[in-house]
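Now for the letters of each chain:
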Amino acid sequence: MDKKLYKLMNWREIEAIVYSECDNPHDYLGQQVTKEGLLIQCFLPDAKSVVVRVTGTRKTYPMEKVDEAGFFAVLLPGKKKVKYTYFITFDSENSMEIEDPYAHVYEESRKDLDAFSQGINYEIYRMLGAHVTTIDGVKGTQFAVWAPNAIRVSVVGDFNHWDGRYHQMRKDYETGVFDLFLPGVGEGDLYKFEIKKKNGDCILKADPYAFASQLRPDNASVVCSLKSFTWTDRTWMKRRDSLDMKKEAMSIYELHLASFMRTEDGGFCNYREIAPKLIDYVKKMHYTHVELMPITEHPLDASWGYQVTGYYAPTARYGTPADFQYFVNELHQAGIGIIMDWVPAHFPKDDWGLAEFDGSCLYEHQDPRQRNHPDWGTYIFNYARPEVKNFLIGSALFWAEVYHVDGIRSDAVASMLYLDYGKNQGEWVPNMYGGKENLDAEEFFKHLNSIFKKRGLSTMLIAEESTAWPNVTGDVEEGALGFDFKWNMGWMNDFTNFMQLDPLFRKGAYGQLTFSMIYNYTENFILILSHDEVVHGKSSMIYKMPGETLEEKAANLRVAYGYMFMHPGKKLLFMGQDFGQTKEWNENEEIDWSLLQYDTHKNLQEYVKDLNEFYTSQKALYSWDYEEEGFQWINHISANETILVFARKAENGEELVVVANFTPISRANYKIGVPHPGKYKEVFNSDREKYGGLGIVNPRLKVAKKEECDGFEDSIRIKVPPLGISVFRYVPEELELAGNAKAKENVKAKTTTATKKTAQSKTTGTKRSATTKSSK
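Quick caveat, the model's predicted, so the values are computed rather than measured. (Residues numbered from 1 in each chain as written. Predicted model: local features only at pLDDT ≥ 70, side-chain atom pairs only at ≥ 80, totals over all residues. Heavy atoms only, no water.)

Caption draft 1: Expanded view of the packing of aromatic side chains. Taken as a whole and judged by the stated rule, the model has 62 aromatic pairs. Their ring planes at 15° and their centres at 5.9 Å tell us that Phe324 and Phe327 sit as a pair that is stacked. Here Phe324 pairs with Phe327, and both are found in helix α7 (residues 321-333), just three residues apart, close to one helical turn. The pair Phe324 / Phe327 is uniform in exposure class, with both members buried. Directly above the ring of Phe87 sits Arg53, whose terminal nitrogen or CZ lies 4.2 Å from the centroid. (Phe/Tyr/Trp six-rings, centres within 6.5 Å; stacked < 30°, edge-to-face > 60°. Helix = DSSP H or I, 4+ residues; strand = E, 2+ residues; numbered from the N terminus. Buried < 20%, exposed > 50% of the residue type's maximum accessible area, 1.4 Å probe, protein only. Lys NZ or Arg CZ within 6 Å of the ring centre and 35° of its normal.)

Spelled out as structure tokens, the structure:
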């Protein structure tokens, strides 16, 4: 070996590189200017020989193999860095020319790195992960990963035979972020990170920030750029920004994509195939939004997506990220909002995922009492660690800002807020005050929700919180967690328990119907009949209903849905419940659309369609959902009859009176109090024959009389259908007069038009007669 070259060799670091234990390879690999000239070094374990070719010249410099493991070096004349490539000949005599990864250095922003370590780099997904880019005119991919406790991290993939000795990454010692730019690696290439733990063992990990992943059971990350798709939903997004969703109608269709639609052979459909069918169905049924059970990447179908491994990747089951962008864009073009389920509560223990990511408990707690989630066999995130909070907050912002989703529903919020959730005494660690509240999770939610507001995002933030934790919704500045809406799990449990009772015994549980209004204005609630009620071995809603026949069960379900849609709060129904899905739910099967050939199911679907249309067209049913002025009890003490009467109101003066009968007994000439004198018109009735009912309706206007009832001076008498909902619109005198005037104008206009048509018809008839005679 040349003496000058020999003296320049740092044998200690060469040994670290050869044994794949180097965390600062850029200091030694690539080119370094020295007193003796330009030193170029590389580590290519399978190379027989390597030649440096200086770009733009014919100069070549054979490299000397200074270590038999495959470490090569050469000293070039001059003290100025050059552009060059390696021409490699392998032991197999195959050869190739490559760019040197260590000659093209991507400098991560110190400001961005420090912000990440503080938990406030809200676009962290632009720094960590894999990003197709160009450096010094060379195309490739910049890789970065957080693994502070690793001895060494390498990028591995098909491009280096999954050999971690190649492409060892550089560590930022202040933050624990490793990075490396790989020339020639691009869109569609598979990769993972090989991490050498402190005990010397090597593990392969998928990229936590990957934009795409392989289809299960394979689990490699996929290099993917999100810049190719062109969005055309600007009109939707601009309109969304202008709305206050608390005052808008919101009827949500919750679905599991794999159960909504399958290929003929039972396989997964593409996002692009699902979009048109879903749009047609949602528009037909008059839903305003869809809520997708988790579409973030997950390994286990049976988890329904709630055990996530890819927090930045739409699942490959249904296509590519561009396909999902198309899906969102198409729904927006059709005027449909998209809410996605998001799981910040826990993650699975798969050895290639987040668990013990760098050989230590990085994303999870060290203490097993804090780490383990006994109910689901998963790990709980460590919300006290800034980088973990940044990972999760960045994920939520990513779906809102990059994929344009309109709402994010945080799953299992209660399991995050309570340290003892699902645990026995001795299995959990109290907080610093000795309590069971998870103060770190509480701060996490406040941070998450406040940053959405500060960034001016109109994305709805929704909590699935099943306890009485106070102030889940509301302003963070006022002590709330900051969510926009909360699922009303208490209402769902109370109401379904009530509806499962034999109607003749419901009077004993009458209080379960009215209890929800006692706490209704403490949060911004969404009323739900969600997947929680029908999956995991539970029967469908129609089977929960009492009755010996399917028709009797459907009648109970009609009054249940009717009451739900008249009650204050936004609405959510799980797929299949709108037509009475009967078979047991299976995540690997499509819902049973064939049921719609039967009248009972077809009638129920027609009912929910009309119910949705009625709900979305009546401001009184949604604009004051969270204002006490929007609701008024008329009769909530008729337990023996099991009848409720109440009014719903809107700020524009619209007013509806709702009568709900939860027994199979119809009542004629039934007297109810009304808030105002005047006329009342029935505008919706669940007992119409088209829905499978008996047709007990009130076709004529009801004129209020000065007869006291229910504490009101005025009252009307109506027919109350069995197991039914009747809705009456109050018609103020001035509106009736205006309506009569308009009606007279319409009659006059129709009469004039009819006269003209008659005259025209006579003229045409004369001409036709003349023509006939002539031809004869």
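The rest of the description comes next.
Caption draft 2: Representation of the environment of Val405 in the model. If you trace the backbone, Val405 turns up in the loop between α9 (386-401) and β26 (407-410). Accessibility expressed as a relative area gives 0% for Val405, which makes it buried. Along the chain, Val405 and Gly337 lie 68 residues apart, while their C-alpha atoms are 7.7 Å from each other. Apart from the residues lying within four places of it in its own chain, the contact partners of Val405 are Arg240, Ile338, Met340, Trp399, Ala400 and Thr459. (Contact = heavy atoms within 4.5 Å.)

Caption draft 3: Focus on the sheet that holds strand β36 (residues 702-703). Strand order in the open sheet made by the six strands is β31-β32-β33-β38-β35-β36, with antiparallel pairing throughout. Because the sheet does not close on itself, it has two edges, and the strands there are β31 (631-638) and β36. Bridge analysis of strand β32 (residues 643-649) against strand β33 (residues 655-661) gives seven bridges, and the strand direction is antiparallel. Considered in β33, the bridge of Ile643 is made with Asn661. Across the face of the sheet, helix α17 (residues 599-617) comes into contact with β33, β35 (679-685) and β38 (724-731) while running at roughly 140° to β35. (Pairing = 2+ DSSP bridges. Axes fitted to C-alpha atoms, helices over the stretch in contact; angles between N-to-C directions.)

It is worth stressing that arrangement in space is one thing and function is another; only the former is reported here.
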